[in-house]
Amino acid sequence: MGAQKSIHAGNAKIDFNVDLTHKLCAALMLSPFRNSGSPLSLIIGSLYIKHHNLFGRSEKLDVSWDKGLDESSVFIAYRKPRPEWLPQQSFTIQHSISPEIGVHGLPVENFSRSGSGGVNLCRFCIGLDLNEPASSHWSSKTSIKFEHVRPVNDDGRSISKDLDGFPVTCSGSCHDSMVVLKQESLFAKEYDRGFDRLSLQIEQGIPVLSKWLIFNRFKFLASKGISLGPAFLLTSLTGGSIVGDIAPYQAFAIGGLGSVRGYGEGAVGSGRSFLVANSELTFPLNQMLEGAIFLDCGTDLCSGRHVPGIPSLRHGKPGNGIGLGYSLRFKSHYGNFQVDYAINAFHQERVSFSFGKLAS
């Protein structure tokens, strides 16, 4: 269920958007390592507040709060209008806490699920975003932010080591701090029967202080879509690498929705480098229902042993994985519902549910 409300205050307009959805099906997906607790723990909520004319000078303020089954996040963005030919500036603050399943999660049921490894990440970020004016098919964004990461256990207490006694931070203390300069570029071109997209991300850790992290992280996503009559073929290749000082939670996690389906989150492995290839053919069944068949594969390029504490090897993750399956997707004015059925290389079946946001 959801609700929207707009309030006019003088020349300003404040938008409220509240979404509370009781994900009953999610209870079936909880790992045996997690305790579902009270029924309130299965409630997902989100609240968005937008002010379009802050201080009467067309400045914008966005505030959002999201609560998931095991995570929560608060995000604040302040935007000051500038001429169109200049980069648009956004000042942002974010605080979040979420379980670190991708790297420290424990694979169960032949890697089809990932249970809690007792490591959660509490993050605080503050920074500045610069959105460059789009030119032709290219757009770019530059940001610089300070990030403070504090690992905590399931009881909310700060930790410096995981359940096996290996460090969970780069500094060896109960927290990591870093200043990160990030450059994002996006190429997008649409055709009558498809599209091409290329996304590039480069992050550089700046050593403002001697104990702060120094690293370079690169990630790319190339995708192509082609219409084949009533069907649509989508292929994509994702990869990346990171060099320098890293904490285990900065490794690339492979497996799960958006990666290699048929595996739990991060159940294929985690490494300093990775490649994931996805192919998916969708076809309409009726006006509100469509089907899809997909094939995913991913690898950590034998880089799992170079992650501090070698969490992937300690948990017996294979480092390579293939997932094959089909999907049913229901679309309506009130939201989207998707069911994925996949089987991994260990012949273990996995069914995943996902819900789209309510239409505005």
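All of the points below concern the structure found in this document. Model, not experiment: these values are computed from the prediction. (Residues numbered from 1 in each chain as written. Predicted model: local features only at pLDDT ≥ 70, side-chain atom pairs only at ≥ 80, totals over all residues. Heavy atoms only, no water.)

## Some points on the pattern of salt bridges
Under the convention used in this document: Put simply, a salt bridge is a Lys or Arg side-chain nitrogen that is within 4 Å of an Asp or Glu carboxyl oxygen. Helical segments are the DSSP runs of H or I of at least four residues, strand segments are the runs of E of at least two, and each set is numbered from the N terminus. Buried residues are those whose accessible area, probed at 1.4 Å on protein chains only, stays under 20% of the maximum for their type, while exposed residues exceed 50% and partly exposed ones sit between those limits.
One pass over the full model with this rule turns up 12 salt bridges. For the salt bridge of Arg123 with Glu147, the shortest nitrogen-to-oxygen distance reads 2.3 Å. With a gap of 24 residues between them, Arg123 in strand S9 (residues 120-131) and Glu147 in strand S10 (residues 138-152) connect regions that are remote in the sequence. A relative accessible area of 25% places Arg123 in the partly exposed class. By relative accessible area, Glu147 is classed as buried at 6%. Note that Lys224 and Asp196 form a salt bridge whose closest N and O atoms lie 2.8 Å from each other. Here Lys224, found in strand S13 (residues 215-228), pairs with Asp196, found in strand S12 (residues 194-206); they are 28 residues apart in sequence, far enough to count as distant. Overall, the relative accessible area of 17% leaves Asp196 in the buried class. Connected through salt bridges with shared partners, the residues Arg261, Glu280, Asp296 and Arg329 form a single ionic network.

## Side note on the environment of Thr92
For clarity, the threshold we go by: By definition, residues are in contact when any of their heavy atoms lie within 4.5 Å.
Residue placement: Thr92 occurs in strand S6 (residues 88-99). Sequence separation between Thr92 and Leu61 is 31 residues, and the spatial gap between their C-alpha atoms is 10.0 Å. When near neighbours in sequence (up to four residues on either side) are disregarded, Thr92 contacts Phe75, Ile76, Ala77, Cys125, Ile126, Gly127 and Asp129.

## Concerning the pairing of strand S4 (residues 59-67)
Put simply, the rule reads: Should DSSP find at least two bridges between two strands, the strands are taken to pair.
Sheet analysis places S4 next to strand S5 (residues 72-80), joined by 8 bridges and oriented antiparallel. Among the inter-strand pairings, Lys60 is bridged to a residue of S5, identified as Arg79.

## Comments concerning unusual backbone geometry
Despite not being glycine, Leu301 has its phi angle at roughly 55°, a positive value. Structurally, the position occupied by Leu301 is in the loop between strand S18 (289-299) and helix H2 (311-314). For Leu301, a relative accessible area of 43% gives the class partly exposed. Located in the positive-phi region is Cys302, a residue other than glycine, with phi close to 60°.

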